[in-house]
Amino acid sequence: MTTRRVNLNTESVDNYLKAIFAIGGQEEERVTSNALAERLGVAPASITNMLQKLAASSPPLVEYERHRGVRLSAAGRRRALEVLRHHRLLETFLYEVLEYPLEEVHDEAERLEHFISERFEERIAAKLGHPKFDPHGHCIPEMDGRMPKQVSRPLTDIEQDGKFLVDSVSDQDPLLLKQLKAHGITPGARLQVTSLSQEEFVLRAGNNSRALRLSRTLAGAVRIRSAD
Ligand SMILES: [Zn+2]
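Residues numbered from 1 in each chain as written. Predicted model: local features only at pLDDT ≥ 70, side-chain atom pairs only at ≥ 80, totals over all residues. Heavy atoms only, no water.

## Some points on the coordination of the zinc ion
Selection rule: For Na, K and Ca the donor cut-off is 3.2 Å; for every other metal, N, O and S atoms count as donors within 2.8 Å. Water does not enter the count, which can leave sites looking incomplete. Angular criteria define each label, namely tetrahedral for four donors with all angles between 85 and 135 degrees, square planar for four and octahedral for six donors with opposite donors over 155 degrees apart and remaining angles between 65 and 115, and irregular for whatever fails these tests. The rule is simple: take the accessible area with a 1.4 Å probe, protein chains only, and divide by the maximum for that residue type; under 20% is buried, over 50% is exposed, in between is partly exposed.
Taken together, H87 (NE2), E91 (OE), H106 (ND1) and D171 (OD) make up the full set of protein donors to the zinc ion, lying 1.9 to 2.1 Å away. Each of the 4 donor atoms around the zinc ion contributes to a set of angles spanning 89 to 133°, which defines the coordination as tetrahedral. Classification of H87 as buried rests on a relative accessible area of 3%. Residue D171 is classed as buried on the basis of its relative accessible area of 13%.

Dropping the structure here:
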């Protein structure tokens, strides 16, 4: 048997593993190359190329079959969770200690997450009192890779008006995040949805007595849970 030496750039490997994890390759589910291409903003041909490399690395980081899509191997999942832990701890540190605006922490953490040492990670976690959530409301995986399942759904999934709690907001688009923040829609905020249509949601956020009209795009960046 010949061993293939595969030289892989850690940063792009991490980004692939994280993307597969984010779009559903967390369990037994497989992710299509097209979905991955869309998430990463790269051509499908380069996706195939990279997935073959990840599957051929030792240990394999993914299980990949051209026509069935891809899922993370145990080693790939471990790595994805570790990068996610770095990312979310960094976001929390930037937000709470360095006082970055919420909409800026994601991009900064994207740059730093690949490079911090285990020691640095431990120090940040200790300094922050071992936080369970990042400032977007997302669970921070534990040291051993455990991460509780978050019970939430997209605001755009609701079919009736009612009272809800903001569970988390997407970290993907700084502009949307800034708008949500300006409306008082941040993790933990109470929402009272008074009406909804194809185009928009009318609601009150927190103690604000003024009604807001939220477009579907904006509402799509918000996940909620029921307010008991
Ligand atoms: Zn982020």
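## Comments concerning the environment of S12
To be explicit about the condition: Helix and strand assignments come from DSSP, with helices taken as H or I runs of at least 4 residues and strands as E runs of at least 2, each series counted from the N terminus.
One can find S12 in helix α1 (residues 10–22). Residue S12 is classed as partly exposed on the basis of its relative accessible area of 26%. Measuring from C-alpha to C-alpha, the distance between S12 and E65 comes to 20 Å, with 53 residues separating the pair along the chain.

## A few points about the sheet that holds strand β5 (residues 190–196)
What counts here: Strands are treated as partners if at least two bridges between them are detected by DSSP.
The strand order across the open sheet formed by 6 strands is β3-β8-β4-β5-β6-β7, and the pairing between neighbours is antiparallel. Pairing within the sheet leaves two strands with one partner each, and these edge strands are β3 (153–154) and β7 (212–215). Bridging between strand β4 (residues 162–169) and strand β8 (residues 222–226) involves 5 bridges; their strand directions are antiparallel. The partner of V169 across the bridge, within β8, is V222.

## Digging into the side chain of R88
How we decide: For this analysis, residues touch if any pair of their heavy atoms sits within 4.5 Å.
Residue placement: R88 occurs in helix α4 (residues 74–96). Residue R88 is classed as buried on the basis of its relative accessible area of 14%. Excluding residues within four positions of it along the chain, R88 makes contact with D134, H138, C139, I140, P141 and M147.

## Focus: the environment of A205
Structurally, A205 is set in strand β6 (residues 200–205). Linking A205 and L191, residues 14 residues apart in sequence, is a C-alpha distance of 4.7 Å.

## So, the domain arrangement of the chain
Let me state the cut-off plainly: Start and end points for every domain follow an automatic or database-based domain assignment. Here the buried area means the combined drop in accessible surface, using a 1.4 Å probe, for two parts upon being joined, counting both sides. Think of a salt bridge as a Lys or Arg side-chain nitrogen and an Asp or Glu carboxyl oxygen that are within 4 Å of each other. Polar contact is the term for a pair of N or O atoms within 3.5 Å; when the atoms are in protein, one must be able to donate a hydrogen and the other to accept it, and sequence-neighboring residues count only if both atoms are side-chain atoms. Under the grouping applied here, Gly and all other residues not named as nonpolar or charged are polar, the nonpolar ones being Ala, Val, Leu, Ile, Met, Phe, Trp, Tyr, Cys and Pro and the charged ones Asp, Glu, Lys and Arg.
By domain assignment, the chain separates into domain 1 (10–72), domain 2 (83–127) and domain 3 (153–226). In total, about 510 Å² of surface goes out of reach between domain 1 and domain 2, with carbon and sulfur atoms giving 60% of it. Considering only the side of domain 1, the residues that lose the most area to domain 2 are E11, D14 and K18, jointly responsible for 80% of the buried surface there. The tally of links between domain 1 and domain 2 comes to 2 salt bridges. For the salt bridge of K18 with E110, the shortest nitrogen-to-oxygen distance reads 2.6 Å. Linking domain 1 with domain 2 are 3 residue pairs in polar contact (both at pLDDT 80 or more), by the criterion used here. Of the residues that constitute the side of domain 1 that touches domain 2, the class distribution is 1 nonpolar, 1 polar and 3 charged.

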